[in-house]
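Residues per chain, in single letters:
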Amino acid sequence: MGKNRMEAFSDGVIAIIITIMVLEMKVPKGEDLSALKPLLPVFLSYVLSFIYVGIYWNNHHHLLHSMQKVSGGILWANLHLLFWLSLFPFATGWMGENHLASVPTAVYGFVLLMAAIAFYILQRSIIAQQGHGALLASALGKDWKGKLSPALYFIAIPLAFVSPWIANGLYVVVALIWLVPDRRIERALVKTGEK
């Protein structure tokens, strides 16, 4: 099967996720800047989640450029990723509304962890279809970012019960690691002349 339907569906779901997240932010009561102060945790959790969704969208885009066709396994792996991404608005809202409390911060980290695992499964599904000598496998190489991210989430989740600020700091560190677009697949496409 061609990849166009999967790409269009994924883009639509991701756009809806971002829309739902912004709609969760309520307009403050009051007309001065002090009315915004109680919304600061909600806004900061929204910004972090928006960055994460953007990172996933960007890297998903690169993943899809590394392939020509999709299989049933790839479709299910993609749906698995979209499921975890679709929980971002809930986890973001809960953490922000409760001013970065321990349990919502840990749940947010769990959703981030599961999205990272789902992305890894999608990568492995594509590599299984392409073969280990194919473009994606060679582009990923040792994939230190992909291995470091879940490790930091594993550390951050229990730390949320010690200090939600430290846990959120680790979530920000992971986002910063991925904020610079991952050019590995792009470089591999240029080398093979496919871009």
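See the structure above.
Quick caveat: nothing in here was measured; it's all calculated off a predicted structure.

Caption draft 1: Up close: the overall build of the protein chain. Scanning the protein chain for helices and strands turns up 9 helices and 0 strands. Secondary structure elements in the protein chain, listed N-terminal to C-terminal, are α-α-α-α-α-α-α-α-α. By the compact-globule yardstick of 16 Å for 195 residues, the protein chain fits well, its C-alpha radius of gyration being 18 Å. Contacts in the protein chain between residues at least 24 apart in sequence constitute 79% of all its contacts with a sequence separation of at least 6.

Caption draft 2: Main features of the layout of surface pockets. Its volume calculated, the largest pocket comes out at about 260 Å³. Contributing to the lining of the largest pocket are 15 residues, with Tyr56, Ala116, Phe119, Gly146 and Trp178 lying nearest its centre. For the lining of the largest pocket, the secondary structure elements donating two or more residues are α2 (40-65), α5 (102-130) and α7 (144-159). For the lining of the largest pocket, the leading source of residues is α5, giving 5 residues. For the lining of the largest pocket, the per-class residue count stands at 10 nonpolar, 4 polar and 1 charged.

Caption draft 3: Structural view of a nonpolar patch on the surface. A surface patch of nonpolar side chains, amounting to about 330 Å² of accessible area, comprises Leu40, Phe43, Leu44 and Val47. With respect to the helices, strands and loops of the structure, Phe43 is situated in helix α2. The class for Phe43 is partly exposed, based on a relative accessible area of 41%.

Caption draft 4: Representation of the packing of aromatic side chains in the model. Following the criterion strictly, the structure yields 9 aromatic pairs and no others. Considering the side-chain rings of Tyr108 and Tyr171, the 5.6 Å spacing of their centres and the 55 degrees angle between planes classify their relative orientation as tilted. A residue pair is termed long-range when its members are at least 10 positions apart, and Tyr108 in helix α5 and Tyr171 in helix α8 (residues 164-179) qualify at 63 residues. Each member of the pair, Tyr108 as well as Tyr171, is classed as buried. With centroids separated by 6.4 Å and ring planes inclined at 55 degrees, the aromatic side chains of Tyr153 and Tyr171 adopt a geometry described as tilted. Here the residue Tyr153 occupies a position in helix α7, and Tyr171 occupies one in helix α8, the gap between them amounting to 18 residues. Exposure class is identical for Tyr153 and Tyr171. Each is buried. In textbook terms, an aromatic cluster arises when at least three aromatic residues are bridged by ring pairs, as seen for Tyr52, Tyr108, Tyr153 and Tyr171. Across the ring face of Trp178, the terminal group of Lys145 is positioned such that the distance to the ring centre comes to 4.9 Å.

Caption draft 5: Expanded view of the packing of helix α1 (residues 4-23) against α2. Taken N-terminus to C-terminus, the directions of α1 and α2 make an angle of 175 degrees; their axes are 10 Å apart at the nearest point. One way to sum up the angle between α1 and α2 is to call them roughly antiparallel. In this structure, α1 contributes Met6, Glu7, Ser10, Asp11, Ile14, Ile17, Ile18, Met21 and Val22 to the contact, and α2 contributes Tyr46, Ser49, Phe50, Val53, Trp57, His60, His61 and Leu64.

Caption draft 6: The nonpolar core, seen in detail. Formed by 52 residues in total, the largest nonpolar core has its most connected members in Tyr52, Tyr56, Leu85, Phe88, Tyr108, Tyr153 and Tyr171. Ranked by residue count, the leading element in this core is α5, at 13 residues. Excluding residues within four positions of it along the chain, Leu85 makes contact with Ile14, Ile17, Tyr56 and Ala115.

Caption draft 7: Structural detail: α5. Its 29 residues give α5 an end-to-end C-alpha distance of 42 Å, which sits within 8% of 42 Å, the value for a rise of 1.5 Å per residue. Downstream of α5 by one or two residues, Gly131 has phi in the positive range, about 100 degrees.

Caption draft 8: Representation of the environment of Val103. Along the chain, the position of Val103 falls in helix α5. A relative accessible area of 43% places Val103 in the partly exposed class. Sequence separation between Val103 and Ala160 is 57 residues, and the spatial gap between their C-alpha atoms is 7.2 Å.

The rules behind these values
Residues numbered from 1 in each chain as written. Predicted model: local features only at pLDDT ≥ 70, side-chain atom pairs only at ≥ 80, totals over all residues. Heavy atoms only, no water. Helix = DSSP H or I, 4+ residues; strand = E, 2+ residues; numbered from the N terminus. Rg over C-alpha atoms; globule rule 2.2 N^0.38 Å. Contact = heavy atoms within 4.5 Å. 1 Å grid on protein atoms, 1.4 Å probe; cavity = no way out; pocket = protein on both sides within 12 Å on 5 of 7 lines; lining within 4 Å. Points joined across faces, edges and corners; volume = space filled by probe spheres on them. Nonpolar A, V, L, I, M, F, W, Y, C, P; charged D, E, K, R; others polar. Patch = residues over 30% accessible without salt bridge, like charges linked within 9 Å, V, L, I, M, F, W, Y side chains within 5 Å. Areas by Shrake-Rupley, 256 points an atom, 1.4 Å probe, with all protein chains shown as cover. Salt bridge = Lys/Arg side-chain N within 4 Å of Asp/Glu carboxyl O. Buried < 20%, exposed > 50% of the residue type's maximum accessible area, 1.4 Å probe, protein only. Phe/Tyr/Trp six-rings, centres within 6.5 Å; stacked < 30°, edge-to-face > 60°. Lys NZ or Arg CZ within 6 Å of the ring centre and 35° of its normal. Axes fitted to C-alpha atoms, helices over the stretch in contact; angles between N-to-C directions. Parallel < 35°, antiparallel > 145°, perpendicular 65-115°, else oblique. Core = buried A, V, L, I, M, F, W, Y, C linked by side-chain atoms within 4.5 Å. Expected span 1.5 Å × (residues − 1).

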